[in-house]
Amino acid sequence: MKSVRRPATALTTLLVLVVIQAIADPTGLLALVGFSGAQLRLDDGVWPLAPYLVFIPVLLAVAWWVTIRAGDRFWTLVAGFVLAVLLAQAATCLVMTWNLGLSTWAAGYVTAKAVPAALIVAAVTHWFGGRATRTSFPPASLWPPAVAIWLPSVVFAALTPLLAGLWWTGAAYAPGVPAARADRGALSLLVAVLLIAVVTALCLRWMRARVPGLLGGWLAALVAGGIVGVIQAVIALVVDGGLSGDLWPAMTAYIAVADGLSFGACLGWLVGVTAIAVDRVRSGRPARALQLAAAIVAVIAVSLALVLPAAGAASAGAASVAAPAGFLRAEGDIITDGDGNQVLLRGVNVNQLVDFYAPDPDVATTRPLTEDDFAGISAQGFNVVRLNLSWSALEPERGDFDEAYLGRITDAVDWAKQYGIRTVLDMHQDSWFNGATADGTQCRPGTDPMWGYDGAPEWATITDDAPRCQFQGRDISPAGNRAFQHFYFDTDGVQSALVDTWGRLAAVFHDEPSIAGYDLLNEPGFGETAPVTTSYLLGRYYDRAIEAIRAAGAPQIVFVEPSIFWSGLGFDSGPPPAFTDDANIVFSPHLYAESLTMDRSLGIPPIVGMDRQFTLAERVAAGYGAPLWSGEYGYWGEEEDVVDRLQRYAAAEDAHLLGSAYWVWKQACGDPQNGIGPTGNGLMVQDCETGGDAAPRDDLLQILTRAYPRSAPGALTSLRGDGAQIEFAGTTQERGCGLEVWIPGDAEPEFTVTGIADVETTAVEGGWSVTGCAEGDYSLATR
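Residues numbered from 1 in each chain as written. Predicted model: local features only at pLDDT ≥ 70, side-chain atom pairs only at ≥ 80, totals over all residues. Heavy atoms only, no water.

Regarding the overall build of the protein
Definition in use: A run of H or I in DSSP counts as a helix once it spans at least four residues, and a run of E counts as a strand once it spans at least two, with each numbered from the N terminus. C-alpha atoms define the radius of gyration in this analysis, and the globule rule sets the expected value at 2.2 Å times the number of residues to the power 0.38. Residue exposure (1.4 Å probe, protein chains only): buried if accessible area is under 20% of the type maximum, exposed if over 50%, otherwise partly exposed. A contact between two residues is defined here by any heavy atoms of the two lying within 4.5 Å. Accessible surface area values rest on a Shrake-Rupley calculation with a 1.4 Å probe, where residue burial reflects the displayed protein chains alone.
What the protein contains, in helices and strands, is 22 helices and 19 strands. For 783 residues, the compact-globule formula gives about 28 Å, and the C-alpha radius of gyration of the protein, at 28 Å, lands near that figure. Overall, the protein is about 90 × 65 × 50 Å in size when its C-alpha atoms are taken along their principal axes. Across the 783 residues that make up the protein, the buried fraction comes to 59%. For the protein, the proportion of contacts with a sequence separation of at least 24, taken over those separated by at least 6, is 72%. Of the roughly 29500 Å² of accessible surface on the protein, a fraction of 60% belongs to carbon and sulfur atoms.

Written as structure tokens, this is what we have:
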């Protein structure tokens, strides 16, 4: 009975915890196994069933093994139950994707769920589960001799770079942080491998004295992975900006520890098996040791065959770009015009073609879009608009474009071109679709009825009757999450339909050089199974859409965004490196740090500081071998420090030599994002009482319209602008005459130059255009 009582206590506690979390979590996202309230469909493949038919059985099976073999110590039980949760998550992701590299890395995403659950279950099991059945330990003579400890540790560490897959990638790993990846450089790899070997050996020495057999080695690798993550986080604190008033060091620590734990959980069996093999040899049973060695080699070979393709994709180079003359393109880490000039795209979002939900049917959700808008945008010195489009308006019936709406898009592109403005076509969405909470819906405790927003047509919205209720904002909604989940898994061909739509839309504009590019999906939602959705499946959608765009003959840039996590947290994993072999892409996160990020609503310090967000975004862009361009920023509301925040953003944008698009040019009084108030917010303000124009936000425009080089020969090396004052420098290997500088104001600018000839100053609407030819190192500074 004692042997039954202990695992029964653990498994009962786990099941009770799973049920309580599923009931208490109104979103289905925060629990070990969530329930969103959606109807269960049996015709959608494995993914809807995997949490129940894979996660729970694996969780219980590993937990049973742990309670039998991990002894009476509380902390060995905690490690064992963490192992159970991570392995269950990896198995669940595997049956959803059949991608072993992705699935093992994705297990780390549940660390924040695994550790508290493990503490609870271990405590109950330790105190109420009775004593563990005594297990046999290796004879004392077999351990702790060095070979029994160091050989498994060295084997594990040596194999780490080969099995690294997607581990230790992304914004958290600053230059200088050791990571066991070949693409991080020889020194980083060597230090990381030595660190893993030493820490694993220390953990193995401690763990095998308490937990016998395979599990002892496995748990040693798990704990070692977590400790290595802590060490990486400490190093990151030194080399990655230190304590700068934000929570990024804590985020770095969490990511590094989660990576280490998931790596140890999914590959730590290598330590256990190798340790057993060593014991067999030392005890005079070489035949058994050879069998184990053969098994190790076989499993490693299979693992390499499955994991190396993902690792290879992470380091593969992208295909070359062959955009025609006059079209913008991505070259290295900058956007160029193909004629030897770097181009800075600075402008605004235009949301006047979005098909918004109407909170008040009597109040328009958008303001009319006319030629005057583009004349006004040009007069502010902007050279790009991010034109927000709605799939629901473009394709209200599957397969049929609304020609009138397409005509409005074409008119907007033509007007922009007429005023020297390039256009980024953005497939906009917020919370997937514009449906609101239906009458009679019973929102679960903790969630609230919500307005609709914008995005997909009704025929492309599959919610399985999950409630359209929001948790802490529109982007966490069971109905929206389920709709995104169906999109990512291409249920009923929904994703394929949007891919086809992009091909058809790109065919319309394939020969238009004023189209800067195509933004494939605004702030993609996370569905129900991040990062399977937000990394792997999002990257697959992007790859498919890019192929459709290229098949339509469209050579323009494709702008790819990380998920909504970036807007809410200030960072995200994003699609895996080399998700596409197309090099004409630009990484386009929305840099809303200290604005829309959840820290503002929670009243805590910034998760990522405003200055740091640029560094993190550049780090991720470098992983893709792509330039960086922020498709949205701003939206600081009406707080007193909004001007100060924008000034800080502008200074950082200049320092990082970047362009971006401010949110938003105009916002109507009936826009659900505006709320119901006296004005329609935006740079051009609407008076809600009269429906006409109110005074524009001149305080913001004074910063946004500051002087900047629209194009510069070669590449820029420094930039600082403030109103009509500007200082910048650049370098070019060949003489080029593509220099064009915008300077606002009525007064004709005076400046000094070096390396610039044939300078001409021309008055334009709202300011001045300065052109010239540059050679070698050059600079310009106003006086």
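Some thoughts on the side chain of Gln667
The criterion, for reference: Whenever two N or O atoms come within 3.5 Å, that pair is a polar contact, provided that in protein one can donate a hydrogen and the other can accept it, and provided that, for residues adjacent in sequence, both atoms are side-chain atoms.
As for its placement among the helices and strands, Gln667 is situated in the loop between strand S12 (660-662) and strand S13 (679-680). Gln667 gets classed as buried once you look at its relative accessible area, which sits at 1%. Polar side-chain contacts of Gln667 include one of 3.3 Å to the side chain of Asp671.

Structural notes on the packing of aromatic side chains
Defined as follows: Only Phe, Tyr and Trp rings are paired, with Trp represented by its six-membered ring, and only when their centres lie within 6.5 Å; those with planes under 30 degrees apart are stacked, over 60 edge-to-face, the remainder tilted.
Under the defined criterion, the tally for this structure stands at 28 aromatic pairs. Both rings, one in Trp47 and one in Phe489, keep their centres 5.2 Å apart while their planes meet at 15 degrees; by these two values the pair is stacked. Residue Trp47 is located in the loop between helix H1 (2-24) and helix H2 (50-69), and its partner Phe489 is located in the loop between helix H15 (478-488) and helix H16 (494-509); the two are separated by 442 residues in the primary sequence. Each member of the pair, Trp47 as well as Phe489, is classed as buried. Seen in terms of ring centroids, Phe487 and Tyr541 are 5.1 Å apart; in terms of plane orientation they differ by 70 degrees. Their pairing is edge-to-face. Here Phe487 is found in helix H15, whereas its partner Tyr541 is found in helix H17 (residues 532-551), with 54 residues between them in sequence. No difference in accessibility class separates Phe487 from Tyr541, as the two residues are buried.

Looking at the state of the cysteines
What makes a disulfide is a covalent bond joining the sulfur atoms belonging to two cysteines. Which entries qualify depends on this criterion: To count as a disulfide, a pair of cysteine sulfur atoms needs to be within 2.5 Å.
Within this structure, the stated rule accounts for three disulfides. With a sulfur-sulfur separation of 2.0 Å, Cys443 is cross-linked through a disulfide to Cys469. One disulfide, between Cys443 and Cys469, carries an S-S torsion of -80 degrees and so falls in the left-handed class. With a gap of 26 residues between them, Cys443 in the loop between strand S6 (422-428) and strand S7 (448-449) and Cys469 in strand S8 (residues 469-470) connect regions that are remote in the sequence. Residue classification places Cys443 among the partly exposed positions, given a relative accessible area of 22%. The class of Cys469 is buried, set by a relative accessible area of 1%. As a non-bridged cysteine, Cys93 has Cys266 as the owner of its nearest cysteine sulfur, 9.4 Å distant.

Considering a nonpolar patch on the surface
Stated formally: Excluding any residue in a salt bridge, patches collect residues exceeding 30% relative accessible area, merging like charges within 9 Å and nonpolar Val, Leu, Ile, Met, Phe, Trp and Tyr side chains within 5 Å. Definition used for salt bridges: Asp or Glu carboxyl oxygen within 4 Å of a side-chain nitrogen of Lys or Arg.
A cluster of nonpolar side chains, namely Phe35, Leu40, Leu42, Tyr52 and Leu53, defines an oily patch on the protein surface of about 540 Å² accessible area. On the secondary structure map, Leu53 appears in helix H2. By relative accessible area, which is 60% here, Leu53 ends up exposed.

Thoughts on helix H20 (residues 610-624)
Rule in force here: Expected helix span is taken as 1.5 Å per residue step, with the number of steps being one fewer than the number of residues.
The first and last C-alpha atoms of H20 sit 22 Å apart over 15 residues, in line with the 21 Å expected at 1.5 Å per residue. Within H20, burial applies to Met610, Arg612, Gln613, Phe614, Leu616, Ala617, Arg619, Val620, Ala621 and Tyr624. Contacts from the buried residues of H20 go to helix H9 (248-267), helix H18 (564-569), strand S11 (585-587) and helix H21 (642-655).

Let's talk about helix H12 (residues 371-379)
Taken together, the buried positions of H12 are occupied by Asp373, Phe374, Ile377, Ser378 and Ala379. Among the structural elements, strand S4 (346-350), strand S5 (384-390), helix H14 (403-418), strand S15 (708-713) and strand S17 (725-744) are those in contact with the buried residues of H12.

As for the sheet that holds S4
Convention followed: Two strands are said to pair when DSSP picks up at least two bridges between them. Axis definition: a line fit to C-alpha positions, over the contact stretch in the case of helices; interaxial angles, taken between N-to-C directions, run 0 to 180 degrees.
Taken in spatial order, the seven strands make up an open sheet running S11-S10-S9-S6-S5-S4-S12, and their pairing is parallel. With partners counted over all chains shown, the strands left at the sheet margins are S11 and S12, one partner each. Neighbour-to-neighbour, the strand axes of the sheet open up by a mean angle of 30 degrees, direction not taken into account. Sheet topology places S4 next to S12; three bridges connect them, and they run parallel. Residue pairing across strands places Arg346 opposite Ser660, the latter belonging to S12. The strands touched by H14 within the sheet are S5, S6 and strand S9 (515-519), with S5 carrying the most contacts at an inclination of about 175 degrees.

Side note on unusual backbone geometry
The amide bond that connects Ala530 to the next residue, Pro531, takes the cis arrangement and shows omega of 5 degrees. The omega angle of the peptide bond from Trp663 to Val664 is 10 degrees, so this bond is cis rather than trans. Along the polypeptide, Val664 turns up in the loop between S12 and S13. For Asp492, which is not a glycine, the phi torsion comes out positive at approximately 55 degrees. Among the secondary structure elements, Asp492 is positioned in the loop between H15 and H16. Owing to a relative accessible area of 51%, Asp492 belongs among the exposed residues under this scheme.

Re the packing of helix H8 (residues 213-239) against H9
Applied cut-off: We call two directions roughly parallel when the angle between them is under 35 degrees, roughly antiparallel when it is over 145, roughly perpendicular when it lies between 65 and 115, and oblique otherwise. In a left-handed crossing the near helix is turned counterclockwise from the far helix by less than a right angle, and in a right-handed crossing that turn is clockwise. Amino acids outside the nonpolar list (Ala, Val, Leu, Ile, Met, Phe, Trp, Tyr, Cys, Pro) and the charged list (Asp, Glu, Lys, Arg) are all regarded as polar, and Gly is one of them.
Interhelical geometry of H8 versus H9 gives an angle of 155 degrees and a closest axis separation of 7 Å. The angle between the axes of H8 and H9 places the two elements in the roughly antiparallel class. Where H8 crosses over H9, the two elements pack in a sense that is right-handed. For the pair H8 and H9, the contacting residues are Trp218, Ala221, Leu222, Gly225, Gly226, Gly229, Val230, Gln232, Ala233, Ala236 and Leu237 in the first and Pro249, Thr252, Ala253, Ala256, Val257, Gly260, Leu261, Gly264 and Ala265 in the second. Tallied by class, the residues present in the contact of H8 with H9 amount to 13 nonpolar, seven polar and no charged.

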